[in-house]
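# Results of the structural survey
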Amino acid sequence: MSMCARFEDLKDVGMFEQIMRVNFFGPVRLSHLALPRLKRTKGRLVAVASVAGRSGVPTRTAYAASKHALVGFCDSLRRTAPTREGLERQAQGQAANRG
């Protein structure tokens with residue numbers, strides 16, 4: 001989910017909550033539910049973020065914030081998981097980076 005507006009032109013920041021629910025909290029909840037089975041089966045957790053998760057994008061403040069949050073969550077999960085098997089980061093155009 002995204003938006004296209006200058007932050008200063010927004011009448012209401014409620015759209016930020018909706019974008020965060022879809023783009024951040026949705027993947028967090030699904031990850032929480034799936035992780036026990038993924039660990040048992042040595043499966044993989046894949047999150048699709050965006051270049052906006054690494055760098056701000058004009059007129060996409062809420063979208064960029066949600067993707068930054070998702071990237072941070074995945075990086076933290078990958079670094080703190082008891083076993084790092086199946087938890088890796090791959091950016092578009094880059095080889096997998098195992099931490």
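Structure report, in brief. Every value quoted in this text rests on a predicted model; they were computed, and no experiment measured them.

So, how was this worked out
Residues numbered from 1 in each chain as written. Predicted model: local features only at pLDDT ≥ 70, side-chain atom pairs only at ≥ 80, totals over all residues. Heavy atoms only, no water. Helix = DSSP H or I, 4+ residues; strand = E, 2+ residues; numbered from the N terminus. Buried < 20%, exposed > 50% of the residue type's maximum accessible area, 1.4 Å probe, protein only. Expected span 1.5 Å × (residues − 1). Contact = heavy atoms within 4.5 Å. Polar contact = N/O pair within 3.5 Å; in protein donor to acceptor, adjacent residues only side chain to side chain.

### Overview of unusual backbone geometry
- One non-glycine residue with positive phi stands out, namely Lys42, at about 55°.
- Turning to its location among the elements, Lys42 is positioned in the loop between α1 (14-41) and α2 (61-80).
- A residue is classified by how much of its surface remains accessible, and Lys42, at 60% relative accessible area, is exposed.

### Observations concerning α1
- For α1, built from 28 residues, the straight-helix expectation of 40 Å at 1.5 Å per residue is met to within 8% by its first-to-last C-alpha distance of 39 Å.
- As for α1, its buried residues are in contact with α2.
- The first or second residue beyond α1 is Lys42, which carries a positive phi of 55°.

### Details of the side chain of Ser66
- Of note, Ser66 is situated in helix α2.
- The exposure class assigned to Ser66 is buried, which follows from its relative accessible area of 0%.
- Within the structure, Ser66 has its side chain in polar contact with the backbone oxygen of Tyr63 (distance 2.7 Å).

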